[in-house]
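# Structural features, examined
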Amino acid sequence: MVDLVLRLSRLSGLVTLLLTLICGLLNAPIDTTAMLCLTATSALWSAAVLDDRAGGVDFLITFFFAFFLALPARLQIAQQTFPWGGSYSAQTLNYSFALIAAALLCYTLARLITRPAHYIETANLPDKTLHRWAFAFTLAALAIAALIGPANLFVLRSGFLEGATNSLTSQLIYIGRALSLLTLVLCLYLMSQPRPSRGPTLALTALAAATCFSFNYPPALPRFALFGCAIALLSIRLDLFSPRLKLVLALTAPPALFMLFPAVKMLGRDEMSVLQMARIMAQTDPTLYLLRVDFDGFKQIADTLLYLETAPPRWGANYAGVLFFFVPRALWPAKPGDSGELVSSTLGYAYTNVSSPLPAEALLAFGIPGVLLTFAALGIATARIEGRARMPQTLHHLVLYSITMGFIIIILRGALNGVAPQFATAFLAYAAISWNARRAFKRKRGLLSSDVGLSTQGAT
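Residues numbered from 1 in each chain as written. Predicted model: local features only at pLDDT ≥ 70, side-chain atom pairs only at ≥ 80, totals over all residues. Heavy atoms only, no water.

### Things to note about the nonpolar core
Phe65, Phe407 and Phe423 are the most contacted members of the largest nonpolar core, which has 121 residues in total. Here the element with the most residues in this core is helix H3 (residues 56-79); it accounts for 15 residues. (Core = buried A, V, L, I, M, F, W, Y, C linked by side-chain atoms within 4.5 Å. Buried < 20%, exposed > 50% of the residue type's maximum accessible area, 1.4 Å probe, protein only. Helix = DSSP H or I, 4+ residues; strand = E, 2+ residues; numbered from the N terminus.)

### Some words on the pattern of salt bridges
Evaluation of the coordinates by the stated rule reveals seven salt bridges. For aspartate 51, the salt bridge goes to arginine 10, with nearest N and O atoms at 2.8 Å. Within this pair, whereas aspartate 51 is found in the loop between helix H2 (30-50) and H3, its partner arginine 10 is found in helix H1 (residues 2-25), the two being separated by 41 residues in sequence. Among the residues examined, arginine 10 registers a relative accessible area of 14% and is labelled buried. When the shortest N-O distance is used, the salt bridge between aspartate 294 and arginine 223 registers 2.9 Å. Of this pair, aspartate 294 sits in the loop between helix H12 (286-289) and helix H13 (297-310) while arginine 223 is found in helix H9 (residues 223-234), placing the two residues 71 residues apart along the sequence. By sharing partners, the salt bridges in this structure join Arg10, Asp51 and Arg53 into a single network. (Salt bridge = Lys/Arg side-chain N within 4 Å of Asp/Glu carboxyl O.)

### A short note on unusual backbone geometry
The omega torsion of the bond from glycine 414 to alanine 415 falls at -5°, within 30 degrees of zero and hence cis. Looking at the secondary structure, you find alanine 415 in the loop between helix H17 (395-413) and helix H18 (416-459). Positive phi is not limited to glycine here, since glutamine 80 has a value of about 50°. As for its placement among the helices and strands, glutamine 80 is situated in the loop between H3 and helix H4 (90-113). The exposure class of glutamine 80 is exposed, given its relative accessible area of 55%. Positive phi outside glycine occurs at tryptophan 84, with the angle close to 65°. Within the fold, tryptophan 84 resides in the loop between H3 and H4. Since its relative accessible area comes to 32%, tryptophan 84 is described here as partly exposed.

### A few points about H1
Taking 1.5 Å of rise per residue, 24 residues should cover 34 Å, and H1 covers 35 Å from first to last C-alpha, within 8% of that figure. Listed in full, the buried residues belonging to H1 are Leu6, Ser9, Arg10, Gly13, Leu14, Thr16, Leu17, Thr20, Leu21, Cys23 and Gly24. Against the buried residues of H1 lie H2 and H4. A positive backbone phi angle near 55° is found at asparagine 27, which sits one or two residues after H1. (Expected span 1.5 Å × (residues − 1). Contact = heavy atoms within 4.5 Å.)

### Digging into the side chain of threonine 183
Mapped onto the elements, threonine 183 comes out in helix H7 (residues 167-191). Residues within four places of threonine 183 in sequence aside, it is in contact with Ala134, Phe137, Thr138 and Ala208.

### Quick word on the packing of aromatic side chains
Going through the model one piece at a time under the given rule, you end up with 27 aromatic pairs. Plain terms: the ring middles of tryptophan 84 and tyrosine 351 are 4.8 Å apart, the flat faces sit at 25° to each other, and that makes the pair stacked. Of this pair, tryptophan 84 sits in the loop between H3 and H4 while tyrosine 351 is found in the loop between helix H15 (339-346) and helix H16 (358-389), placing the two residues 267 residues apart along the sequence. Over the face of the ring belonging to tyrosine 349 we find lysine 299, whose NZ or CZ atom lies 3.9 Å from the ring centre. Here the basic side chain of arginine 390 rests over the ring of phenylalanine 241, its NZ or CZ set 5.7 Å away from the ring centre. (Phe/Tyr/Trp six-rings, centres within 6.5 Å; stacked < 30°, edge-to-face > 60°. Lys NZ or Arg CZ within 6 Å of the ring centre and 35° of its normal.)

### Quick word on H13
The end-to-end C-alpha distance of H13, which contains 14 residues, comes to 21 Å, matching closely the 20 Å that a straight helix rising 1.5 Å per residue would cover. Counting buried residues in H13 gives 10 out of 14 residues, a clear majority hidden from the surface. Turning to H13, the residues buried within the fold contact H3, H4, H15 and H16.

### A few points about the confidence of the model for the protein
Considering every residue of the protein, the mean pLDDT works out to 86; 87% of them sit at 70 or more. When the criterion is pLDDT under 50, residues 162-166 qualifies, and its contacts beyond four places in sequence or with other chains add up to one contact. (pLDDT = per-residue confidence, 0-100.)

### A word on the packing of H3 against H4
Across the interface, H3 lies against H4 with an axial gap of 12 Å and an inter-helix angle of 165°. The angle between H3 and H4 falls in the class roughly antiparallel. Along this stretch, H3 crosses H4, giving a crossing that reads as left-handed. Two secondary-structure elements touch here, H3 through Asp58, Ile61, Phe65, Leu69, Ala73 and Ile77 and H4 through Leu93, Phe97, Ile100, Ala103, Leu104, Tyr107 and Arg111. The class makeup of the residues in the contact of H3 with H4 is 11 nonpolar, no polar and two charged. (Axes fitted to C-alpha atoms, helices over the stretch in contact; angles between N-to-C directions. Parallel < 35°, antiparallel > 145°, perpendicular 65-115°, else oblique. Left-handed = near helix turned anticlockwise from the far one by under 90°. Nonpolar A, V, L, I, M, F, W, Y, C, P; charged D, E, K, R; others polar.)

Here it is in structure tokens:
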């Protein structure tokens, strides 16, 4: 029965996505296109909940499309109220829905047709090696903390934003946050092994936790980063491939988004209090909240389409900024800026610290081909990350799965160049561990081949 509902949800999601794409391109009545998009994203999110082969990454990606793009767009169009007072033609809105549908369609099809990775023997890095990596990363994070000083760590978010005039300091803070979170995730996975070396592992985990929570001081974190940290850490103990658990999360995630998310903003203010947070949760009206700036993703996609009517694409500059995020602007004066800021300032908005969802970033980078390729790559990557997380392979695959869950909403929301330091360091550190594992595996295979060769010579 569950399998039948899963198939129907996925099929209806794909069909209505295709209809959304067609209606958007043909400039159909905008209410029809908006409802089709909401139906499609909701169906695919339901499929992600029911599918025991889909984990937390797919759950969050489809959740983003449904609750950060499609649902707010439907209400904003019905009320003719957009964040920052935007105003759009029906054609621009239709094309925005078509872009969302094309992106999600490419992602879903790529994820479904990517063959599950079969079990391949890989080098299982010894616990001692992983301890060394975790210790090295912790020392690097502590060095960053010493360089920037505690005064830049234990501050409220409002104070951090006001005092973050030194871009190098703020970038070092973001790098330390990502690196320390990855290290704590790795240590917690080491602690969960059947026979961990309790003494050294416990001491290292305690040091990593203190470092992580110093960098990721909750009142200093943006809400997306705070929730991302919580998701990454919770994923270590929660089996998010279980449909039952995902169903529980599906029932609790929307209320948390509409009630807890706006209340948590009080953590970054001087007047923070539990009573005020509770009052905000009780008074928040979801239908009004979805019209506000926390849900500006659909508007930013529409603004990107308007921007490209008179301005050229970025030709991958925004992607290059992500790849070389660690290069200071002092050494790279032409370092790409945030896409959201570029679009909003060009269109004449007074406030430009806005999001730039991944469909808009991909469109700005290389046009429609950029959207198709970016989301096909995301689908393939998700299938492989989650496939390897389900297999009894090396520990670092689970680490990648957890940090991807922690950062995927930040990546999807953007703007990429603005948030790159918040996530790219963790993936760079993971790449170093993975490179070490592949190197060890090749060395192991080389030794085995040599042994086989010697045995053969001896037999002859």
